[in-house]
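Survey of secondary and tertiary structure
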Protein chains: 2
Amino acid sequence: MSTTTTDLSISALAELSGVTIDTLRYYERADLFVRPVRRDEAGRRRYGERDVIWVQFVTRLRATGMGITTIAEYTRLARLGEVTNPERLALLEEHREHVVEKLRETQASLDAISYKIAEYERKVADL
Amino acid sequence: MSTTTTDLSISALAELSGVTIDTLRYYERADLFVRPVRRDEAGRRRYGERDVIWVQFVTRLRATGMGITTIAEYTRLARLGEVTNPERLALLEEHREHVVEKLRETQASLDAISYKIAEYERKVADL
DNA sequence: GCTTGACCTGGAGTGCACTCCAGGGTCTAT
DNA sequence: ATAGACCCTGGAGTGCACTCCAGGTCAAGC
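The notes below deal with the structure included here. (Residues numbered from 1 in each chain as written. Chains lettered and ligands numbered in written order. Predicted model: local features only at pLDDT ≥ 70, side-chain atom pairs only at ≥ 80, totals over all residues. Heavy atoms only, no water.)

For DNA strand D, the set of nearby residues contains 18 residues, the closest of which are Arg62 of chain A together with Ser11, Arg25, Arg29 and Arg45 of chain B. Per the 4 Å cut-off to the protein, sugar and phosphate atoms form 70% of the nearby atoms of DNA strand D. Contact between DNA strand D and arginine 62 of chain A: a phosphate oxygen at 2.7 Å from a side-chain N or O atom of the residue. In this structure, a phosphate oxygen belonging to DNA strand D sits 3.0 Å away from a side-chain N or O atom of serine 9 of chain B. Elements with a contribution of two residues or more to the surface near DNA strand D: helix H2 (21-29) of chain A together with helix H1 (10-17) and helix H2 (21-29) of chain B. The element best represented in the surface near DNA strand D is H2 of chain A, accounting for four residues. Residues of the surface near DNA strand D, tallied by class, amount to five nonpolar, five polar and eight charged. (Near = heavy atom within 4 Å. Polar contact = N/O pair within 3.5 Å; in protein donor to acceptor, adjacent residues only side chain to side chain. Helix = DSSP H or I, 4+ residues; strand = E, 2+ residues; numbered from the N terminus. Nonpolar A, V, L, I, M, F, W, Y, C, P; charged D, E, K, R; others polar.)

Our next topic: H2 of chain B. Residues and elements named next belong to chain B. Here H2 has its buried residues at Leu24, Tyr27 and Glu28. Down the axis of H2, the buried side of the element spans an arc of 100°, and every buried residue falls inside it. Turned more than 90 degrees off the buried face of H2, the exposed positions are Asp22 and Arg29. Among the residues trailing H2, aspartate 31 stands out with phi positive, at a value near 70°. (Buried < 20%, exposed > 50% of the residue type's maximum accessible area, 1.4 Å probe, protein only. Arc of directions from axis to C-beta.)

Glancing now at the protein's contact with DNA strand C. Taken together, 19 residues lie around DNA strand C, and Ser11, Arg25 and Arg45 of chain A together with Arg44 and Arg62 of chain B are the ones closest in. Each atom of DNA strand C within 4 Å of the protein was assigned to sugar, phosphate or base; sugar and phosphate come to 71%. Between a phosphate oxygen of DNA strand C and a side-chain N or O atom of serine 9 of chain A, the distance comes to 3.1 Å. One of the side-chain nitrogen or oxygen atoms of aspartate 22 of chain B is found 3.5 Å away from a base nitrogen of DNA strand C. Split into classes, the residues belonging to the surface near DNA strand C amount to five nonpolar, six polar and eight charged.

Encoded structure:
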């Protein structure tokens, strides 16, 4: 048995996660990995299973609008270990509130747009 | 009775619509008004009721992620009159699809985050 | 042994939607 | 008639999240 279950190149992780190679490198520079990304003998990045899971979660955070610096802060806490669980919890809870609120607003705007669409449908049909 | 029901200064419209003065001027440059914004004798902008309604709708479109150029296209169609109703309808319907899809994705990501929050709650409680 | 392809680095460039600025005009109240 | 508030213009600057680039290394296949 090997110490790392998975062992992906950057292009493999890119394909798997839907994040581009450039963005993966950018995330690394922005300190969004909990621990330094492993390298092979030639200096190429090798990602393990935990990296895959991490990137997927980062993607969730991004998809809900969390900024890079906030994710970096979350990552920093994760690096410090279990003691920071309460802080990480608080951070995620606050983010969730933002997202829920944003969803509400988007839904409200969508309703207004749908109303407008209904108007157009009526007008177009009446021709 | 006057020909214009409302007659707002740019700061009044800004306050009313929640859009900054600079952004209102920016929207004007970007051609997001159906017809030229009226000016008083001194060259200052005067907004009527239709402008208010229009800006509010533009805000809905922005809030749901429609880009400035697409709104400009929608505006261009509006300028051409009722004949473009079918095109405007199509444009809004396509946008609605995008938004609905985006909402779905955001909700899915939010679910993943909520799951993570539940994990943290469990861990923090178990201490 | 040489090409091909994947990868590396630091740094520059991009697109978007604002947001700010300098320098100037005008209206109102004191 | 002077101060202060509000508005004007063209253009520059900002923040964010990528995205691209030049120039180079390295391993594998022909």
